[in-house]
Amino acid sequence: MSGMPWARSVRSTLRRYSPVEFVGRLWERQNNITKLFVCILLFAFAAWFPLTLELKWQGVLFFPVAVYILLALGLNIVVGQAGLLDLGYVAFYAVGAYTAAKLTTTSEWSMWQVLPISIAMAMLAGVLLGGPTLRLRGDYLAIVTLGFGEIVRIVAQNTGALGESRGITGIPHPSNVGGLEFLFDPVPYYHLTLAAIVVTILMKVRLNRSRIGRGWIAIREDEDAAEVMGVPTFKLKLWAFAVGAAVGGLAGWIYAGKTSFISPDNFPFFLSVLILAAVVLGGMGSIPGVIAGAFLIAFIPEWLRGIPAGKDVLDVLNKAIGGHASDINEYRQFLFGLALVLVMIFRPQGLLPSRRRAAELHEATSPEGMGAVVVEQTSGEPEAELGVDQLLGGEEASVPIEAIEEPAEVKAAEFGETVLELQNVKMVFGGVTALNDVSLAVRQGQIFGIIGPNGAGKTTLFNCVTGVFRATDGDILLDGKSIIGKRPHLICRAGVARTFQNIRLFPDMTALENVLVGTDADHHASVPGVLAGTPRYYREERHGRTEAERLLEFVGVHHRADDAARNLPYGDQRRLEIARAMATRARVLLLDEPAAGMNPSEKQDLVQLIRNIRAVGLTVVLIEHDMSLVMQVCDEIAVLDFGEKIAQGVPADIQSDERVIQAYLGVPADAS
Amino acid sequence: MSEEVLFPLCLDCFTDQFWPQTIDGLTVGAVYALIALGYTLVYGVLRLINFAHSEIFMIGVFASLFSMHAMGIDRNDPAKAGLALVVVLVVSTAAAMLASGLSAVVMERIAYRPLRRRNAPRLSALITAIGISLFLQELFALRYGRNLLGFPRVMDKPTLVDFNGAIIRPDKILIFVSAIALMIALDRFVAKSKMGRGIRATAQDAETAALMGVNIDRVVVLTFLLGGLLAGAAGALYGLFFEFAKYNIGFLPGIKAFTAAVLGGIGNIKGALLGGLTLGVLENWGSAVLGGRWKDVFAFAVLVVVLMFRPTGILGEALGKARA
């Protein structure tokens, strides 16, 4: 009963003996020029090969295969890149096709003239669908997109102007360009589709290397952390939908121009599923994988139909399940349904995976996984232990105080103006008041400590400041301007960045990429800008890279820059998170228990790091349970207890404050 | 462009057809609610939307039909009455429940458990569910063809009462009453029994439940089994009402039942009942106003609107809070 060990051994055998892995490693070792050359060669071959076939029907096959590949590449942007499961992708294909068909048959416009309109309409459909639904969680989104796909098909079927179930006939072919004659010969259409495929791939590669692609990966790995680190998650998800839809619309336009006749039957739900199967089988996110997957799905059934052995395969299948199919094609959906299940069990990364996706799909990296146990995320306080003697600076204090220069008694006047101010902030969850009337003022250049027993509301306070929660009452000002009610990524861009109590890096991105996501908070290259390669885009990329490298060095993780964040040692992960937060060019840095889980020598380094951060001009707000660290490094400390601020002052005052001691030790029995 | 109105609103139709549509809506809605329970139970425990549940329902419809064939009932046989009718109904429903329940358990064992074991991401589970759905539909299509298979009419369907055009028939009463009875039984089971307590504990906090000695695997199998049994019963009732089986018969009721589950608050047993009845009635009213061919679009639109404005449904998500 225990856990299907056979599934695991099949998986590892597949991994060890797969020729795919070998080719993959070989490919990794080549330089860019070689890679480019090989790609050009492959595409030249793909363009030339159908011309050599003597039998016309063999050439006919290439066009649908290419359309499948194009659709799969489009869906790959949505599912593979941004991690949004779209079960209604065929709707965009339909919108592109219907737009082209309707406009060319009822107006003077030619196919080429309606091409941009078809793409724009598909994108519009993508935005219309995405706008209201992209805030939904993954599985809800999937079923809503499924519904959307059906709505589009049923609307086409019920609308007189779109020909109802008869569809639209007499769609003109595109006029000839550059020696391609678009008539009944499928080969020119195949070449046209091939060109569209090349454009799509270039687009994807380009976006991937930019802040857009990094943002998509960050969203996929940890959406909440991405938002807090300044990634405009909603906008980027919408862009993924729009770009994916544009490719679908383009495919629809090509299809309408080729067949001259479309009807709702061309756009069934199963087509969405088959395209998804292509993306999943091949390996989500990987271009060669997706191409291979689409090729398998479109080509193999047709190929089996054409060869004599196909009849035997059909007989075997019919016998195996007691079927009565007369054509191998009827088994297409059956076999690909089965393949989806098997791939998810044995090779979830697909046939030709991208490196990163392989790790992600094998095991959930975010708490979103489908575990044997469902671990609910709570927004409560941590279970960190706090020794009483730590508070009182006893001998068990984990940072030896004498090792560090005692900070000079800092007078309030030495600091600059107030940067972050909380005015009577109140946060109520249901009947629980997590924060009650908390007011604080943090001044430029300060290291401001927030301490308090577990459940005092410290992390809730950070969540309110960064916009994860919206404070029930009161105001939070950054440089005198209210930031209440702003989306977290905007607050981040305004200058407040944070780290998390339970480290929330993007685990399968490299250390450098993690920091690059941070630098992107200050970058603004848009999707069109990235695609067009504007000077600003290149400037920002260069700037981001230097900045990220500098910061990695600053926190001391530069030697692990190219390792996946999940493989870094614990202390490095903590420091990497600080670098990522600093990369956003925040002026106020919120550190949530940065010393948790660190050993004494790591804590020592941390103290130095926090001082260095202040030295470069940042203001630090620190939640920490390690009292000796807090007392050493902080200029001013606020103490929270049961959501209320019970004390504030310089470390020496806090240490002798009656209420603080009571909060930690309890009220003495004889106190009245 | 044509003068055609895209949505020919017919408000008179609404008032004319109010009662007939309400009665039919409640009948079909009760079936939706039964299917919705399968989504809700599995979601409550695993936080997984089991897309393949619609095929579990489809298997129920087929099993009910085949059990009638096995009892030697032919398409042209006259309707049964009295004890014979009771036996036929009980046997066919039991066959459907058994077939669906077993399929659900096998599905969990073969397809979902390996994913659960290695804590696979949700996307993998969703893709698996779609794969199973496709596989099962096509299996039935390949074995039994892609055409409708008619049910024998085992039960007379005379008009008992005609209330403002609303035809009340014995089969509608039977469907409604048995669906409600099953749901009450399930609700009591989850609220009162020891196994039900295990389900609720797991739904609230699986980790703690496991530490307290609840066998999570058994709870998961149990939820799939319960969901399957109810979907099977829904299949038998659906077959009795619409009198046909088809390989893709589960697709629309499946999505609508999911909508119903979300509408009532997924993970919430009473919510599934409320959501099913509400959706059944709403979509019938919608089809009265907009015309029957827009019925499915209307149901999808309800889903989108509910998810946009109240994603936790009418009664909220709370299997764990189902109280005695």
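Numbering of residues starts from 1 in every chain and runs along the sequence as written. Just so you know, chain letters begin at A and ligand numbers begin at 1, following the order they were written in. This being a predicted model, a pLDDT of at least 70 is required before a residue's local features are given, and a value of 80 or more before pairs of side-chain atoms are given or counted; all residues contribute to the totals for chains, interfaces and linings. Note that the side-chain values use all heavy atoms of the structure and ignore hydrogens as well as water.

**A word on the overall build of chain A**
- A run of DSSP states H or I qualifies as a helix once it reaches four residues; a run of E qualifies as a strand once it reaches two. Both are numbered from the N-terminal end. For chain A, the count of helices and strands is 27 helices and 12 strands.
- Per-residue burial over chain A gives 56% buried out of 672 residues.
- For this analysis, residues touch if any pair of their heavy atoms sits within 4.5 Å. Put simply, 74% of the contacts in chain A that link residues at least 6 apart link residues at least 24 apart.
- Counting only carbon and sulfur atoms, one obtains 58% of the accessible surface of chain A, whose full area is about 28,000 Å². Think of it in three bands: with a 1.4 Å probe and only protein chains considered, a residue is buried below 20% of the maximum accessible area for its type, exposed above 50%, and partly exposed in between. Areas reported here follow the Shrake-Rupley algorithm with a probe of radius 1.4 Å; residue values treat only the protein chains shown as occluding.

**Notes on the overall build of chain B**
- Counting its regular elements, chain B contains 12 helices and 4 strands.
- Between the two quantities, the radius of gyration covers C-alpha atoms and the globule rule is 2.2 Å times the number of residues to the power 0.38. A compact globule built from 324 residues would reach a C-alpha radius of gyration of about 20 Å, and chain B, at 20 Å, matches this within 12%.
- The buried share of chain B, reckoned over its 324 residues, is 58%.
- In chain B, once contacts between residues fewer than 6 apart in sequence are set aside, the share between residues at least 24 apart is 81%.
- Total accessible area on chain B stands at roughly 12,500 Å², and carbon and sulfur atoms take up 66% of it.

**Structural notes on the environment of M123(A)**
Residue and element names in this part refer to chain A.
- Turning to its location among the elements, M123 is positioned in helix α6 (residues 111-133).
- Residue M123 is classed as partly exposed on the basis of its relative accessible area, which comes to 25%.
- Contact partners of M123, with chain neighbours within four places excluded, come to W239, A242, A245 and A246.

**A closer look at the confidence of the model for chain B**
Residues and elements named next belong to chain B.
- Predicted confidence across chain B gives a mean pLDDT of 85, with 94% of residues reaching 70 or more.
- A score between 0 and 100, pLDDT records how confident the predictor is in each residue. When mean pLDDT is compared element by element in chain B, helix α3 (residues 53-70) scores highest at 94, while helix α1 (residues 11-16) scores lowest at 74.
- Model confidence for the complex is summarised by a pTM of 0.82, with the ipTM given as 0.85.

**Section: the interface of chain A and chain B**
- Taken together, the 67 residues of chain A in the interface contact 62 residues of chain B.
- A quick way to say it: buried area is the sum, across both parts, of accessible area lost when two parts are put together, with a 1.4 Å probe. For the pairing of chain A and chain B, the buried interface totals around 5,900 Å² over both sides, and the portion due to carbon and sulfur atoms is 70%.
- Salt-bridge detection follows one rule: a side-chain nitrogen of Lys or Arg within 4 Å of a carboxyl oxygen of Asp or Glu. The interface formed by chain A and chain B includes 1 salt bridge.
- Note that E164(A) and R293(B) form a salt bridge whose closest N and O atoms lie 3.4 Å from each other.
- Throughout this description, a polar contact denotes any pair of N or O atoms lying within 3.5 Å of each other; where both atoms belong to protein, one of them has to be capable of donating a hydrogen while the other can accept it, and for residues adjacent in sequence the pair is counted only when both atoms sit in side chains. Applying the counting criterion to the chain A and chain B interface returns 7 residue pairs in polar contact (both at pLDDT 80 or more).
- Residue assignment for the side of chain A that touches chain B shows that the elements contributing at least two residues are α6, α7 (138-158), α12 (269-282), α15 (332-346) and α16 (355-362) of chain A.
- The leading source of residues in the side of chain A that touches chain B is α7(A), at 12 residues.

**Section: the packing of α12(A) against α15(A)**
Residue and element names in this part refer to chain A.
- Two elements in contact, α12 and α15, have axes separated by 10 Å at closest approach and are oriented at 40 degrees. Considering their axes alone, α12 and α15 lie oblique with respect to each other. By crossing handedness, the relation of α12 to α15 is classed as left-handed. Listed contacts from α15 to F270, L274, A277, V280 and L281 of α12 are R332, Q333, F336, A339, L340, V343 and M344. To obtain an axis, a line is fitted to C-alpha atoms, over the contacting stretch when the element is a helix, and the angle between two such axes runs from 0 to 180 degrees between their N-to-C directions. We call two directions roughly parallel when the angle between them is under 35 degrees, roughly antiparallel when it is over 145, roughly perpendicular when it lies between 65 and 115, and oblique otherwise. Handedness of a crossing follows from how the near helix is turned relative to the far one, being left-handed for an anticlockwise turn of less than a right angle and right-handed for a clockwise one.

**A short note on a nonpolar patch on the surface**
- Think of a patch as exposed residues, more than 30% relative accessible area, with no salt bridge, where like charges cluster within 9 Å and nonpolar side chains (Val, Leu, Ile, Met, Phe, Trp, Tyr) cluster within 5 Å. Among the surface-exposed residues, W19(B), L160(B), V161(B), F163(B), I173(B) and V177(B) lie close enough to one another that they form a single nonpolar patch of about 530 Å² accessible area.
- The set of elements that each furnish at least two residues to the nonpolar patch consists of β2 (161-163) and α6 (170-192) of chain B.

**Quick word on the pairing of strand β6 (residues 473-478) of chain A**
Residue and element names in this part refer to chain A.
- As paired strands, strand β3 (residues 418-429) and β6 are joined by 5 bridges and run antiparallel to one another. Bridging from a neighbouring strand, K426 pairs with D473 of β6.
- Here 2 bridges tie β6 to strand β7 (residues 481-482), and the two strands are oriented antiparallel to one another. Paired with L477 across the strands is S482, a residue of β7. By definition, two strands form a pair when at least two bridges between them are found by DSSP.

**Some details on the packing of aromatic side chains**
Residues and elements named next belong to chain A.
- Only centres within 6.5 Å qualify two rings of Phe, Tyr or Trp (six-membered ring in Trp) as a pair; their planes then separate them into stacked at under 30 degrees, edge-to-face at over 60, and tilted for everything else. Taken as a whole and assessed by the stated rule, the structure comprises 29 aromatic pairs over all chains.
- Taken together, a centroid distance of 5.9 Å and an interplanar angle of 75 degrees make the contact between Y89 and F92 edge-to-face.
- The class of Y89 is buried, set by a relative accessible area of 0%.
- Judged by relative accessible area, which is 0%, F92 ranks as buried.
- Relative to F267, the ring of Y93 lies with its centre 5.3 Å away and its plane at 75 degrees, an arrangement referred to as edge-to-face. You can see Y93 sitting in helix α5 (residues 90-106) and its partner F267 sitting in the loop between β2 (261-262) and α12, a full 174 residues away along the chain.
- Residue Y93 is classed as buried on the basis of its relative accessible area, which comes to 4%.
- Aromatic rings pair up to connect Y89, F92, F148 and F241 into one cluster.
- Across from the ring centre of F506, 4.8 Å away, lies the NZ or CZ of R580, which sits over that ring. Only when the NZ atom of a Lys or the CZ atom of an Arg is both within 6 Å of the ring centre and within 35 degrees of the ring normal do we say a charge sits over the ring.

**Things to note about the side chain of T466(A)**
Residue and element names in this part refer to chain A.
- You can see T466 is positioned in the loop between α18 (458-465) and β6.
- At 2.8 Å, the side chain of T466 forms a polar contact with the backbone oxygen of F462.
- What T466 contacts, discounting residues up to four positions off in sequence, is V228, P488, I491, V496, R498 and L590.

**What to know about unusual backbone geometry**
Residue and element names in this part refer to chain A.
- Positive phi outside glycine occurs at D437, with the angle close to 55 degrees.
- Relative to the helices and strands, D437 resides in strand β4 (residues 432-443).
- Residue D437 is classed as partly exposed on the basis of its relative accessible area, which comes to 48%.
- Notably, R585 is not glycine yet its phi reads approximately 60 degrees, a positive angle.
- Mapped onto the secondary structure, R585 falls in the loop between α23 (570-583) and β9 (588-592).

**Side note on the pairing of strand β11 (residues 636-641) of chain A**
Residues and elements named next belong to chain A.
- For β11, a buried count of 6 out of 6 residues is recorded, marking the element as mostly surrounded by other parts of the structure.
- Burial along β11 is two-sided: the face carrying E636, A638 and L640 and the face carrying I637, V639 and D641 are both buried.
- Of the pairings in the sheet, the one linking β11 to strand β12 (residues 644-649) comprises 5 bridges and is antiparallel in character. When the sheet's bridge partners are listed, A638 is paired in β12 with Q648.
- Taking the residues that link successive antiparallel strands as the turn, the β11-β12 hairpin has 2 residues, and the phi of F642 there is positive, at about 45 degrees.

**A word on the pattern of salt bridges**
- Under the defined criterion, the tally for this structure stands at 33 salt bridges over all chains.
- Ionic pairing is found between E541(A) and R214(A), a salt bridge with its closest N-O pair at 3.0 Å. Placement of the pair is E541(A) in helix α22 (residues 535-555) and R214(A) in helix α9 (residues 211-221), with a sequence separation of 327 residues.
- On the basis of relative accessible area, E541(A) is assigned to the buried category, the value being 16%.
- For R214(A), a relative accessible area of 6% translates into the label buried.
- Between K256(B) and E283(B) there is a salt bridge, with the nearest N and O atoms lying 3.2 Å from each other. Within this pair, whereas K256(B) is found in helix α10 (residues 251-264), its partner E283(B) is found in helix α11 (residues 269-290), the two being separated by 27 residues in sequence.
- Accessibility expressed as a relative area gives 0% for E283(B), which makes it buried.
- Three or more residues joined by partner-sharing salt bridges are found here, namely E108(B), R113(B), R116(B), R117(B) and D217(B).

**Overview of the sheet that holds strand β10 (residues 619-623) of chain A**
Residues and elements named next belong to chain A.
- If you walk across this open sheet you meet the 6 strands as β8-β9-β10-β5-β11-β12, and the pairing is mixed. One side of each edge strand has no neighbouring strand; the edge strands of this open sheet are β8 (496-498) and β12. In this sheet, adjacent strand axes meet at a mean angle of 20 degrees when their direction is disregarded.
- Direction of pairing for β8 relative to β9: parallel, over a ladder of 3 bridges. Looking at the pairing, R498 lines up with L590 of β9.

**Things to note about the sheet that holds β4(A)**
Residues and elements named next belong to chain A.
- Strand order across the open sheet formed by 4 strands is β4-β3-β6-β7, with antiparallel pairing between neighbours. Both outer strands of the open sheet, β4 and β7, are each paired with one neighbouring strand and no more.
- Pairing between β3 and β4: 8 bridges, direction antiparallel. Note on β4: the bridge partner recorded for V425 is V438.

**Things to note about the packing of helix α20 (residues 511-519) of chain A against α22(A)**
All names here are of chain A.
- In the contact formed by α20 and α22, the axes pass within 9 Å of each other and the chain directions differ by 120 degrees. As summarised for this structure, α20 and α22 are arranged oblique, according to the angle between their axes. As for how α20 packs across α22, the hand of that crossing is right-handed. Across the interface between the two elements, A511, L512, V515, L516 and T519 from α20 touch G544, R545, E547, A548, E549, L551 and L552 from α22.
- The residue makeup of the contact of α20 with α22, split by class, is 7 nonpolar, 2 polar and 3 charged. Polar here means any residue other than Ala, Val, Leu, Ile, Met, Phe, Trp, Tyr, Cys and Pro, which are nonpolar, and Asp, Glu, Lys and Arg, which are charged; Gly is therefore polar.

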